[in-house]
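These are the residues of each chain, in order.
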Amino acid sequence: MSNLEIRPSEVDCRPGAAASDDGLLVEVLTARDVPLGGPRAMTVHRTLPQRRRSLIGAWCFADHYGPDDVSVTGGMDVPPHPHTGLQTVSWLFTGEIEHRDTMGNHAMVRPGELNLMTAGHGIAHTEVSTADTTVLHGVQLWVALPGESVDTARDFAHYVPDPVSQDGASVRVFLGELLGSSSPVHTFTPLLGAELICEPGARVDLPVRSDFEHGILVDAGRFAIGDETDVVVEPTDMGYVAPGVSTLPLTNTSDSPGRVILLGGEPFGEEIIMWWNFLGRTHDDIVRYRDEWMTSGPGFERFGQVQGYSGDIQHLPAPELPNTRLKPRHNPPATR
């Protein structure tokens, strides 16, 4: 998905957390609403990046959207747009999205199926909700590539994980490993990505890597994190847990089924600059990527040309850069 903000901004980070009754430190990240597109824009709820925290592991961007009635909003129609230095992770709960990219991939994003696109040196793609879609609901996630991999070749992966059951929860692991389920999809840093659907009142104790930090993005229900805690994460918000935890207790405290997206990874020790759809290391990187996208046209080597998109806009313009130099993001320490 493209970041269609007219004035995309850099983000300064500030620490902040609350302790649960069992001593597990939980930081609640509140989503901000971002409209994508024009007057019938679809609104997304963005938890990463934000001022309090820019990354969880290498996860650098998290948008939650829907359930969205496409008859009202018009659905998703994102023209050809670029990416550099990252991987995009698409995961749907409801609906269907058509993906096209400059590698010639033409794929459908469907519920319970992972589509992962590696931008690396550069790629362009489109995302359009299909005509049969009446309700669109899901998440769009980005992963920062480490410095030695930012210029890696374009790539695309599709994977359908089988669900595993644990204590009233159904779990689909789309990246990394959890509860004996392992994803074959390659990432450039150790990561975890999983969907959990929990019965009303269900508690699941997840065995997680203690060297990972974790984010719990709530889609439905209300989730307590920890033992007998009053730290409860509401829908569209995310709970953050620092490294040092080997068991992560999650309880759906609502009287209806709950769903979360669980993200994890080793703390990302590099500084990054993420502006619009570009991820780089310096201000000059971003200027170069933007100039190449805007002045050389969609067929330029770095990004290539998307074939088969029928929309009016064949080359989504990048916003104007700010008048000041972009600065790297500094994540607050991942301490307990």
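Residues numbered from 1 in each chain as written. Predicted model: local features only at pLDDT ≥ 70, side-chain atom pairs only at ≥ 80, totals over all residues. Heavy atoms only, no water.

Under an unreviewed UniProt entry, the name given to the chain is Pirin domain protein, and the organism recorded is Gordonia bronchialis. Reading the Sequence similarities (unreviewed entry) entry of the UniProt record for the chain gives the comment "Belongs to the pirin family." (UniProt positions renumbered as here; feature names shortened; annotations may be inferred.)

Undergrad: Explain the overall build of the chain to me, please; I cannot follow it from the model alone.
TA: A count of helical and extended segments in the chain gives two helices and 27 strands. In the chain, which comprises 336 residues, the share counted as buried stands at 58%. Of all intrachain contacts in the chain linking residues separated by at least 6 positions in sequence, the fraction that spans at least 24 positions is 74%. Here the chain displays about 13200 Å² of accessible surface, and carbon together with sulfur accounts for 49% of that area. (Helix = DSSP H or I, 4+ residues; strand = E, 2+ residues; numbered from the N terminus. Buried < 20%, exposed > 50% of the residue type's maximum accessible area, 1.4 Å probe, protein only. Contact = heavy atoms within 4.5 Å. Areas by Shrake-Rupley, 256 points an atom, 1.4 Å probe, with all protein chains shown as cover.)

Undergrad: How should I be thinking about the pairing of strand β19 (residues 203-207) in this particular structure?
TA: Where a strand is regular, its side chains alternate between the two sheet faces. The alternating pattern of β19 places Val204 and Leu206 on a buried face, while none of Arg203, Asp205 and Pro207, on the opposite face, is buried. With five bridges joining them, β19 and strand β24 (residues 247-252) adopt antiparallel strand pairing. Residue pairing in the sheet places Pro207 in a bridge with Thr247 of β24. (Pairing = 2+ DSSP bridges.)

Undergrad: Is there a simple way to explain the environment of Leu29 in this structure?
TA: Of note, Leu29 is situated in strand β2 (residues 25-29). Relative accessible area serves as the criterion here: at 0%, Leu29 is assigned to the buried category. Linking Leu29 and Pro49, residues 20 residues apart in sequence, is a C-alpha distance of 9.8 Å. Every residue in contact with Leu29, bar those within four places of it in the chain, is listed here: Thr47, Leu48, Gln50, Arg52, Arg53, Ile56, Asp237, Met238 and Tyr240.

Undergrad: Looking at this model, I keep getting lost on the pairing of strand β9 (residues 106-109). Mind explaining?
TA: Only one face of β9 is buried, namely the one carrying Ala107 and Val109, since none of His106 and Met108 on the opposite face is buried. In terms of strand pairing, strand β8 (residues 97-101) meets β9 through four bridges, oriented antiparallel. The residue bridging Arg100 from the neighbouring strand is His106, located in β9.

Undergrad: Could you clarify how one ought to interpret the nonpolar core in this entry?
TA: A general tendency of soluble globular proteins is for nonpolar side chains to be buried together. Judged by nonpolar contacts, the single largest core of 40 residues is most densely connected at Trp59, Cys60, Val89, Leu114, Leu141, Phe174 and Ile261. Elements with a minimum of two residues in this core: β5 (59-69), β7 (86-94), β10 (114-118), β12 (135-144), β13 (155-159), β15 (169-175), β23 (238-241) and β25 (258-265). If you tally residues by element for this core, the top one is β12, at five residues. Grouped together as the second largest cluster of nonpolar side chains are 27 residues, Leu178, Ala202, Val233 and Val245 included. (Core = buried A, V, L, I, M, F, W, Y, C linked by side-chain atoms within 4.5 Å.)

Undergrad: Teacher, can you tell me more about empty space enclosed by the protein here?
TA: This structure, assessed with the given rule, holds three cavities of 30 Å³ or more. Roughly 70 Å³ of internal volume is contained in the second largest cavity. Lining the second largest cavity are Thr88, Ser90, Ile97, His99, Val109, Asn115, Leu116, Met117, His125, Glu127, Gln140 and Phe156. Of all the secondary-structure elements, those providing two or more residues to the lining of the second largest cavity are β7, β8, β10 and β11 (123-129). A total of three residues in the lining of the second largest cavity trace back to one element, the largest contributor, which is β10. (1 Å grid on protein atoms, 1.4 Å probe; cavity = no way out; pocket = protein on both sides within 12 Å on 5 of 7 lines; lining within 4 Å. Points joined across faces, edges and corners; volume = space filled by probe spheres on them.)

Undergrad: Explain the side chain of Asn115 to me, please; I cannot follow it from the model alone.
TA: Mapping Asn115 onto the fold places it in strand β10. A distance of 2.8 Å separates the side chain of Asn115 from the side chain of His158, its partner in a polar contact. Once residues lying within four places of it in the same chain are set aside, the contact partners of Asn115 are Thr88, Val89, Ser90, Ala107, Met108, Val109, Phe156, Ala157 and His158. (Polar contact = N/O pair within 3.5 Å; in protein donor to acceptor, adjacent residues only side chain to side chain.)

Undergrad: Just checking my understanding: could you explain the pattern of salt bridges for this structure?
TA: Side-chain pairing between opposite charges can occur once the charged atoms of the two side chains come close. Enumeration over the complete set of coordinates arrives at 15 salt bridges. Close ionic contact of Arg288 with Asp285 constitutes a salt bridge, the shortest N to O distance being 3.2 Å. Of the two residues, Arg288 and Asp285 both sit in helix α2 (residues 283-295), three residues apart, roughly one turn of that helix. Using a relative accessible area of 35% as the deciding quantity, one classes Arg288 as partly exposed. A relative accessible area of 14% means that Asp285 is categorised as buried. Here Glu320 makes a salt bridge to Arg290, at a shortest N to O gap of 3.7 Å. On the criterion of sequence distance, the pair formed by Glu320 in the segment after α2 and Arg290 in helix α2 is long-range, its members being 30 residues apart. Residues joined by salt bridges that share partners form a network here, namely Arg203, Asp205 and Asp227. (Salt bridge = Lys/Arg side-chain N within 4 Å of Asp/Glu carboxyl O.)

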